[in-house]
Amino acid sequence: MKLMYPARNLVLAGTLLLSLSCSTAPPAQSQMTAVQTSNAGMPALPSGRTASGLRESLIPGNAALERGPGTQDDDNGLLLSAEEGVLAWALYGFDPGSRSADSISVLLSMPPGSAAWIALPDYELGRWEWHGPFNTAKTLAIDEARYLSPSGQLHCLLSNSSGTPFTVNALSFRTWSAFNAVPTASLSADLTSGPAPLSVNFDASGSVDSDGRIAFYLWDLDGDAAFELTSLEPHASSKFPLPGQNTVTVAAVDDEGGYGLAELELSVDTPPSAAPLALLTADRQSGLAPFVVNFDASASSDPDGEILLHEWDFDGDGSFDAYGPAPQAQHVYPLRGTYTARLRVTDNDGLQAEASLQLTLPGEWSQFGMDLSHSRQSPYNGPAGKALHWSFDTGDDVFSSPSLAPDGTVYIGSLDFSLYAINPDGSLKWSFPTGGIVYSSAAIADDGTIYFGSDDYSLYALNPDGSLKWKFETGFTVFSSPAVGRDGTIYFGSLDNHLYALSPDGTQKWAFAAGDWVRSSPAIAADGTVYFGSYDYSFYALNPDGSLKWSFPTGKGIYDSPAIGSDGTVYFGSFDDNFYALNPDGSLQWSYPLNDNISCSPSIAADGTIYVGGWDTNMYALSPQGELKWTFPTGHWVVSSPAIGANGNIYFGSADHRVYCLSPDGSLQWQYGTGNWVRSSPAIAADGTLYIGSEDGRLYAFGS
């Protein structure tokens, strides 16, 4: 609410009271009796008085003496909000002092459907006198013999029981009073000139009142002859974004309602040349070496000119490797590792700005989902045909998904209680027995350590030769596939309802307790956030120290593992038949309903397309905005998570005993029949070989 400068002097009608003598709680609306009052403007002035003696006090709506339930401050006063039939109320008090009370006006902001009741205490009858309902501002005349308390004070009660909120902006109390010496206002500022945008702190503490005290301050900060800010303190701040002259006015209002004005002139200058803003993006930030990255700085800008030069430091060594006017660049990273790409832009005034981003290049498909974001994007093309190089027979069903070491070794678990290391030619390198089935996929650290879980309640760490390095025991089965973070931390879930973080030596760093099983394999964002789902109907985001960042509720349990898009969007499915896209802050971006449970972990293509399979037998392709691009029907559940080749081809298995290869448009390239369900998720090697397991007990290797 803005209060226009009044044409007459304001006089505050005394200090607010702390209590109401012989006051009782306001009655419910059903007990209210409406008293008819005039709506035709101001009440007639009492005889023997002249208009020149009339003074007024304006009290903000949030200055109530007492408040009932359902009240809260808002930007324009006091909000009276209550459920229908529940009374919200606010009590205000005034002290006319030596003056005579004349009238009171209530200023309200009321949407359709709201209704206000106004009550004045009738001390002759010993009860509240109710007026209403009103849906606009209202003025009531004051009968001092009836409405003033024995101590000479006036109270006013506002209430709302309509169920529709409204705001009390202010109460205006008019009195007939003797002369009051108005205050002398003073105004200073920490700055009176400077370049735009200019932020200024104002100080009116030098204002004085010769016969009382300063009660509050009214501020006109934008020079429009209207007070838009009321404060009890003599300080205010404002920002002036544009060059030009500005006049700021303060009214120092005393305890008698009189006020004095003070003005201050500000000069806001044209700012000097502004530096440019550098913004850098890449079409991908993780993948396998050799890794081709397309950088884009076209979102960079200069507020007062243009950018003339772009300089590129691709490896973060402090030296610029390329430069020119174009805002795009391409670079090939031949080796695995973590790189910081840096951009510097220079504008037409010679001013510069920089931006950077981090790239992570694992050596191979070293863990479930390939990388920490579980994008399942490969920089290599998978096989164009269904030629079978070889198959390796384990002792039982293969649910586990293959992981690949830099030397080409393929690691796969089996329900025969073993983890297998298989050479690229299909021969056995070694096997490691555990005490339970191995559903978990292996994760391979930079030092060659192999981590995987087992149904014997343990997470294992093996040396590259297959010997045991250490074993960590949990309280139940470990179906979750571990993820190895950038600092070497191993993250995994257990059916003992915990997500664990271990140091590379096998010692526990922390454990987070969910409300039910954790089968989901965690994905790790660039900022270290750990994402995973649980059977407790919740999706979780943890800080790197294991503390809860946020959780998101779903309608049923979460079986699959999440994937993280290049913009930080987190994707996952639930047994409530919905596929979700969440913002990094945990808010819902969109959800897409499938026709059955989802236990397939999603994959994200270079163009942002999300691929996910459902128990309804279909493979889905969704746009980054959550719109359906296409579906491909199979003969049974799709649990296998797709692998995406460099050319965009999509590889996955189905419980209909087949391995599929689809084009990016959803058309079939080829299919291959195995001896049983295919729940294993495929991996693509540097030579283009596609590895995938089947519940017929075999690991298959396909090539062109």
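Residues numbered from 1 in each chain as written. Predicted model: local features only at pLDDT ≥ 70, side-chain atom pairs only at ≥ 80, totals over all residues. Heavy atoms only, no water.

A. Looking closely at the overall build of the protein. A count of helices and strands for the protein gives one helix and 60 strands. Counting only residues that meet the buried cut, the protein has 56% of its 704 residues in that class. By sequence separation, contacts in the protein at least 24 residues apart represent 56% of the contacts at least 6 residues apart. Accessible surface for the protein amounts to roughly 27700 Å². Of this, 51% is attributable to carbon and sulfur atoms. (Helix = DSSP H or I, 4+ residues; strand = E, 2+ residues; numbered from the N terminus. Buried < 20%, exposed > 50% of the residue type's maximum accessible area, 1.4 Å probe, protein only. Contact = heavy atoms within 4.5 Å. Areas by Shrake-Rupley, 256 points an atom, 1.4 Å probe, with all protein chains shown as cover.)

B. Highlighting the packing of aromatic side chains. Under the counting rule described, the total for this entry stands at 46 aromatic pairs. A centroid spacing of 5.2 Å and a plane angle of 50° characterise the contact between Y439 and F479, whose relative ring orientation is tilted. Taken together, the residues Y439 in the loop between β33 (428–433) and β34 (443–444) and F479 in the loop between β37 (468–473) and β38 (483–484) connect sequence positions 40 residues apart. Taken as a pair, Y439 and F479 share a single burial class, namely buried. With a centroid separation of 5.2 Å and an interplanar angle of 40°, the aromatic rings of W517 and Y535 are classed as tilted. Separated by 18 residues along the polypeptide, W517 in the loop between β41 (508–513) and β42 (523–524) and Y535 in the loop between β43 (530–534) and β44 (538–542) bring together distant segments of the chain. On the basis of relative accessibility, which here comes to 21%, the residue Y535 falls in the partly exposed class. (Phe/Tyr/Trp six-rings, centres within 6.5 Å; stacked < 30°, edge-to-face > 60°.)

C. Inspection of the sheet that holds strand β40 (residues 498–502) at higher detail. Strand order in the open sheet formed by four strands is β38-β39-β40-β41, and the pairing between neighbours is antiparallel. Each edge of the open sheet carries a strand with a single partner, namely β38 and β41. Where β40 and β41 come together, five bridges link them in antiparallel fashion. Residue pairing for β41: L499 is matched across the bridge by F512. (Pairing = 2+ DSSP bridges.)

D. Quick peek at the nonpolar core. Formed by 30 residues in total, the largest nonpolar core has its most connected members in Y92, L158 and L171. Residues contacting L171, with those up to four places away along its chain left out, are S57, L58, I59, Y92, F94, I104, S105, V106, C156 and L158. Among the nonpolar cores identified, the runner-up in size contains 27 residues, and A643, V678, A685 and F702 belong to it. (Core = buried A, V, L, I, M, F, W, Y, C linked by side-chain atoms within 4.5 Å.)

E. Representation of the environment of V678. Looking at where V678 falls in the secondary structure, it is placed in the loop between β57 (668–673) and β58 (683–684). Residue V678 is classed as buried on the basis of its relative accessible area of 0%. Through-space distance from the C-alpha of V678 to that of I692 is 8.2 Å; in sequence the pair is 14 residues apart. If we ignore the near neighbours within four places in the chain, the residues touching V678 are S640, G653, S654, A655, H657, R658, V659, I692, G693 and S694.

F. Spotlight on the sheet that holds strand β23 (residues 291–296). With respect to topology, three strands assemble into an open sheet ordered β22-β23-β26, the strand pairing being antiparallel. A single partner strand is all that each edge strand has here, and the edge strands are β22 (281–282) and β26 (328–333). Alignment of β22 against β23, held across two bridges, turns out to be antiparallel. Paired with T281 across the strands is D296, a residue of β23.

G. A look at the side chain of N597. Relative to the elements of secondary structure, N597 occurs in the loop between β49 (588–593) and β50 (603–604). Aside from chain neighbours lying at most four places away, what touches N597 is S574, F575, D577, G614 and W615.

H. Local environment of the side chain of T477. Tracing the sequence through the fold places T477 in the loop between β37 and β38. Other than its neighbours up to four places away in sequence, T477 contacts S454, D455, Y457, S494 and L495.

I. Examining the pattern of salt bridges more closely. Inspection of every chain in the model, using the stated rule, returns 14 salt bridges. Measuring nitrogen to oxygen at the nearest pair gives 3.6 Å for the salt bridge that ties K469 to D447. Of this pair, K469 sits in strand β37 while D447 sits in the loop between β34 and β35 (450–454), placing them 22 residues apart in sequence. The class of K469 is partly exposed, set by a relative accessible area of 36%. Note that K471 is salt-bridged to E473, the shortest N-O span being 3.9 Å. (Salt bridge = Lys/Arg side-chain N within 4 Å of Asp/Glu carboxyl O.)

J. Focus on the pairing of strand β9 (residues 127–134). With respect to burial, β9 is a largely interior element, six of its eight residues being buried. Bridging between strand β8 (residues 116–122) and β9 involves six bridges; their strand directions are antiparallel. Considered in β9, the bridge of A119 is made with W130. Here β8 folds back onto β9, and the loop between the two strands holds four residues, one of which, G126, carries a positive phi near 70°.

K. Geometry of unusual backbone geometry. In the segment running from G132 into P133, the intervening peptide bond is cis, with an omega of 0°. As for its placement among the helices and strands, P133 is situated in strand β9. Across the junction of A196 and P197, the peptide omega takes the value -5°, indicating a cis bond. As for its placement among the helices and strands, P197 is situated in the loop between β14 (193–195) and β15 (198–203). Of note, M370 is a non-glycine position whose phi angle comes to about 75°, a positive value. In this structure M370 comes out as buried when scored by relative accessible area, which is 0%. Phi is positive for Y457, close to 70°, though the residue is something other than glycine. Mapped onto the secondary structure, Y457 falls in the loop between β35 and β36 (458–462). Looking at Y457, the relative accessible area reads 36%, which means it is partly exposed.

L. Fine view of the confidence of the model for the protein. With 90% of its residues at a pLDDT of 70 or more, the protein has an overall mean of 86. Within the model, the stretch residues 1–52 combines pLDDT values under 50 with 135 contacts to residues more than four positions away or in other chains. (pLDDT = per-residue confidence, 0-100.)

M. Structural context of the pairing of β49. In this structure, strand β48 (residues 578–582) lies alongside β49, joined through five bridges in antiparallel fashion. Of the residues in β49, the one forming a bridge with A581 is W590.

N. Spotlight on the environment of Y323. Note on placement: Y323 falls in strand β25 (residues 322–324). Relative accessible area serves as the criterion here: at 68%, Y323 is assigned to the exposed category. Taking C-alpha positions, Y323 is 9.2 Å from R344, a pair spaced 21 residues apart along the chain. Those residues in contact with Y323 that sit more than four places away from it in its chain are L309, H310, E311 and W312.

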